[in-house]
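Residue-level structural notes
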Amino acid sequence: MLMLSPAVQEALDQNRPVVALESTIISHGLPYPENLALARDVEAIITEIGATPATIAIIDGQIKVGLTDDELVLLAKSENVIKTSKRDFAYILSQNKTGATTVSGTVIIAAMAGIPIFATGGLGGVHRGVSDHWDISRDLEELALHNVAIISSGVKSILDIPKTLEYLETKGVEVIGYQTDQFPAFYTRSSPYSVDYRLDNPEDVARLIHAKFDSGLEGGILIANPIPKEASLDEALMEKAIKEALIQMEKDGVTGKAITPYLLTKIKALTGGESLTSNIALMKNNAKVAAQIAVAYRP
Ligand code: PSU
Ligand code: MN
């Protein structure tokens, strides 16, 4: 059922490091052409460090691990790509549709393919005002279920961070700060919330991943990697933009899976494009750290 690219197949066969990448960030998270440039750049960064990138998506009803450049272009340009969480799989597969996998969709496929390390921008989680609309991303459930370590800059900035951290604790997901004691807040390096543990180099993280997976404890790990200093944004300014975007979202009646793409577009406009520049910088940095961890990790 899975179609691995020749490069990913060969790397897995030879026990060489592989880094999984999601595709919602390409189709629904960033505008064209920045999305395509980033999709290509993160693959190049991972390759340069000595790991094989495996961007994951469903193309015409076929689950693919490792995409061609034409497929990246399709995901970056097409209007008909479905944002794919677990609940969308059967429809997309049976109707031969094309789906860009969220973190939740990508974790499922990475686990099927046997890829334990996955880089993304920000994890989905518990949305602000959760008691009104019950919006909690499937990302948290799938991370809790599968043996995958995600490297991200914390969770999406638009979320309720403390509630998301509580939820991760309930689900048994280990949260590690990479070179930080504080849980990063996506566009900013710090937040008022601490991580459970801090590790400072790829070798220690690789050892932790081994300890978890070798112990037979099922479930994932979140490695929270702060945005690089030079790309981080002012906390007060970001909070203002996020609050304004949330007000506009309510007015426009946006709900469900459309929320994240809507808010990212609004926040980009409200910050004069600065949020987009930061999002790109943090994603590249996460790809770099994930590749370093993958290289340090011996399957
Ligand atoms: N964070 C971003 N950009 C994104 C996403 C997260 O900065 O595009 C995507 C990821 O694919 C994540 C998804 O898995 O949003 C979560 O969506 P939802 O909250 O609808 O589950
Ligand atoms: Mn949701």
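Residues numbered from 1 in each chain as written. Chains lettered and ligands numbered in written order. Predicted model: local features only at pLDDT ≥ 70, side-chain atom pairs only at ≥ 80, totals over all residues. Heavy atoms only, no water.

One broad rule of soluble globular proteins: the nonpolar side chains tend to lie buried together. One finds Ile115, Ile150, Phe183 and Leu222 to be the most contacted residues of the largest nonpolar core, which totals 55 residues. Ignoring any residue separated from it by four or fewer positions in sequence, one finds phenylalanine 183 in contact with Gly154, Val155, Ile161, Leu165, Val175, Ser190, Ser191, Tyr193, Ser194, Val195, Leu222 and Ala224. If you look at the next biggest cluster of nonpolar residues, it comprises 43 residues, including Leu30, Ala76, Ala206 and Met283. (Core = buried A, V, L, I, M, F, W, Y, C linked by side-chain atoms within 4.5 Å. Buried < 20%, exposed > 50% of the residue type's maximum accessible area, 1.4 Å probe, protein only. Contact = heavy atoms within 4.5 Å.)

Turning next to the packing of helix H10 (residues 202–214) against helix H13 (residues 274–296). The contact between H10 and H13 brings their axes to 8 Å, and the two run at 65 degrees. For the pair H10 and H13, the crossing hand works out as right-handed. Within the contact between the two elements, H10 uses Pro202, Glu203, Val205, Ala206 and Ile209 and H13 uses Gln292, Ile293 and Ala296. A per-class count over the contact of H10 with H13 returns 6 nonpolar, 1 polar and 1 charged. (Axes fitted to C-alpha atoms, helices over the stretch in contact; angles between N-to-C directions. Helix = DSSP H or I, 4+ residues; strand = E, 2+ residues; numbered from the N terminus. Left-handed = near helix turned anticlockwise from the far one by under 90°. Nonpolar A, V, L, I, M, F, W, Y, C, P; charged D, E, K, R; others polar.)

This part takes up empty space enclosed by the protein. Evaluated as defined, the whole model comprises 1 cavity of 30 Å³ or more. Taken as a whole, the largest cavity holds about 110 Å³ of empty space. For the largest cavity, the lining is made up of 14 residues, of which Glu22, Ile25, Ile26, Ala39 and Val42 are closest to its centre. Within the residue set of the lining of the largest cavity, elements represented by two or more residues are helix H2 (24–29) and helix H3 (34–49). (1 Å grid on protein atoms, 1.4 Å probe; cavity = no way out; pocket = protein on both sides within 12 Å on 5 of 7 lines; lining within 4 Å. Points joined across faces, edges and corners; volume = space filled by probe spheres on them.)

What follows deals with the pairing of strand E3 (residues 52–59). Taking burial as the measure, the 8 residues of E3 include 8 buried ones, the bulk of the element. Because side chains alternate across E3, one face comprises the buried residues Thr52, Ala54, Ile56 and Ile58, and the other comprises Pro53, Thr55, Ala57 and Ile59, equally buried. In this sheet, E3 lies alongside strand E2 (residues 18–21) in parallel orientation, the contact comprising 4 bridges. Paired with valine 19 across the bridge in E3 is proline 53. Between E3 and strand E4 (residues 62–65), which pair antiparallel one after the other, the connecting turn spans 2 residues, and aspartate 60 there sits at a positive phi close to 45 degrees. Sheet topology places E3 next to strand E6 (residues 99–101); 2 bridges connect them, and they run antiparallel. Paired with alanine 57 across the strands is alanine 100, a residue of E6. (Pairing = 2+ DSSP bridges.)

Time to look at the pattern of salt bridges. Under the defined criterion, the tally for this structure stands at 15 salt bridges. Note that aspartate 88 and arginine 87 form a salt bridge whose closest N and O atoms lie 3.3 Å from each other. It is possible to trace a salt-bridge network through shared partners that takes in Lys86, Arg138 and Glu142. (Salt bridge = Lys/Arg side-chain N within 4 Å of Asp/Glu carboxyl O.)

In this section: the packing of aromatic side chains. A full pass over the atoms with the stated rule returns 1 aromatic pair. Ring centres of phenylalanine 186 and tyrosine 187 lie 4.8 Å apart, and the angle between their planes is 80 degrees; on these two criteria the pair is classed as edge-to-face. Judged by its relative accessible area of 4%, phenylalanine 186 falls in the buried class. The buried category is assigned to tyrosine 187, whose relative accessible area is 2%. (Phe/Tyr/Trp six-rings, centres within 6.5 Å; stacked < 30°, edge-to-face > 60°.)

Between tyrosine 32 and proline 33 the backbone carries a cis peptide bond, its omega angle lying at 5 degrees. In this structure, proline 33 sits in the loop between H2 and H3. The backbone of aspartate 60 shows a phi angle near 45 degrees, a positive value even though the residue is not glycine. Inspection of the secondary structure puts aspartate 60 in the loop between E3 and E4.

Our focus in this paragraph is the site of ligand 1. As a structural note, the neighbourhood of ligand 1 is formed by 16 residues, with Glu22, Lys83, Val103, Ser137 and Asp139 the closest of them. At 2.8 Å from an oxygen atom of ligand 1 is found a side-chain nitrogen or oxygen belonging to lysine 83. Side-chain polar atom of aspartate 139 to an oxygen atom of ligand 1: 2.7 Å apart, as the coordinates give it. When the free accessible area of ligand 1 is taken as 470 Å², the share hidden by the protein chains comes to 94%. In this structure, ligand 1 is accommodated by the largest pocket. For the shell around ligand 1, the elements supplying multiple residues, two or more each, are H2 and helix H12 (259–270). (Near = heavy atom within 4 Å. Polar contact = N/O pair within 3.5 Å; in protein donor to acceptor, adjacent residues only side chain to side chain. Areas by Shrake-Rupley, 256 points an atom, 1.4 Å probe, with all protein chains shown as cover. Sits in = over half its atoms within 2 Å of the grid points.)

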